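Chain by chain, the residues:
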Amino acid sequence: MKTYMAKPAEVEQKWLLVDATDKVVGRLASDIAVRLMGKHRPTYTPHIDTGDFVVVVNCEKVKFTGKKWEQKKYTWYTGYPRQRSITAGDQLDRHPERVLREAVRRMLPKNKLARQMLDKLKIYEGDQHPHQAQNPEKVELAG
């Protein structure tokens with residue numbers, strides 16, 4: 001018996017449409033990360049991008065459990081001698097797509113392939129998106 005290794009030309013990538021209204025960020029992000037990596041398929045190959053494209057709409061309507069809106073902080077280094085930080089609630093007000101994108105990014109593998117996978121994630125405010133030509137299939141994630 002031989003182990004199957006997918007080839008990039010053999011992989012058929014589908015487009016999925018996810019509505020993030022009233023979904024918990026972590027549960028939704030883990031399902032999206034699995035779809036981006038391609039682990040939901042029997043043809044998953046770790047060194048080949050076998051995942052699907054994921055379009056997320058209504059990203060401003062996600063929710064956290066507990067007191068994470070006030071207690072969860074996103075930090076980054078400015079280049080000056082200090083770190084900047086922002087709470088999750090403020091991040092949602094300013095850039096709602098970054099809350100979900102950062103959660104998904106941290107769940108992907110830490111390698112060069114992860115950037116390629118993250119480029120297949122399209123996040124939008126509201127229920128409109130510019131990917132109607134790809135005919136994304138509506139799926140229900142993080143039930």
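Residues numbered from 1 in each chain as written. Predicted model: local features only at pLDDT ≥ 70, side-chain atom pairs only at ≥ 80, totals over all residues. Heavy atoms only, no water.

Undergrad: Sorry, what's going on with the sheet that holds strand β2 (residues 53-57) here?
TA: Paired through their backbone hydrogen bonds, the strands of a sheet run either parallel or antiparallel. Taken together, 4 strands build an open sheet; the order of strands is β5-β2-β1-β6 and the sheet is parallel. Unpaired on one side and paired on the other, β5 (121-123) and β6 (137-138) mark the two borders of the sheet. As paired elements, β2 and β5 share 3 bridges and run parallel to each other. When the bridges of β5 are listed, Val 55 appears paired with Lys 122. (Pairing = 2+ DSSP bridges. Helix = DSSP H or I, 4+ residues; strand = E, 2+ residues; numbered from the N terminus.)

Undergrad: Whenever I open this one, the environment of Asp 90 confuses me. Can you help?
TA: Relative to the helices and strands, Asp 90 resides in helix α3 (residues 88-94). By relative accessible area, Asp 90 is classed as partly exposed at 36%. Considered as a pair, Asp 90 and Ala 133 are 43 residues apart in the sequence and their alpha carbons are 34 Å apart. A polar side-chain atom of Asp 90 sits 3.2 Å from a polar atom in the side chain of Thr 87. (Buried < 20%, exposed > 50% of the residue type's maximum accessible area, 1.4 Å probe, protein only. Polar contact = N/O pair within 3.5 Å; in protein donor to acceptor, adjacent residues only side chain to side chain.)

Undergrad: It is not clear to me how the side chain of Lys 120 should be interpreted in this structure. Could you clarify?
TA: Counting through the fold element by element, Lys 120 comes out in the loop between α5 (112-118) and β5. Within polar-contact distance, the side chain of Lys 120 engages the backbone oxygen of Leu 36 at 3.4 Å. Filtering out sequence-adjacent residues up to four positions away, Lys 120 remains in contact with Gln 13, Leu 36, Asp 49, Gly 51, Asp 52, Phe 53 and Val 54. (Contact = heavy atoms within 4.5 Å.)

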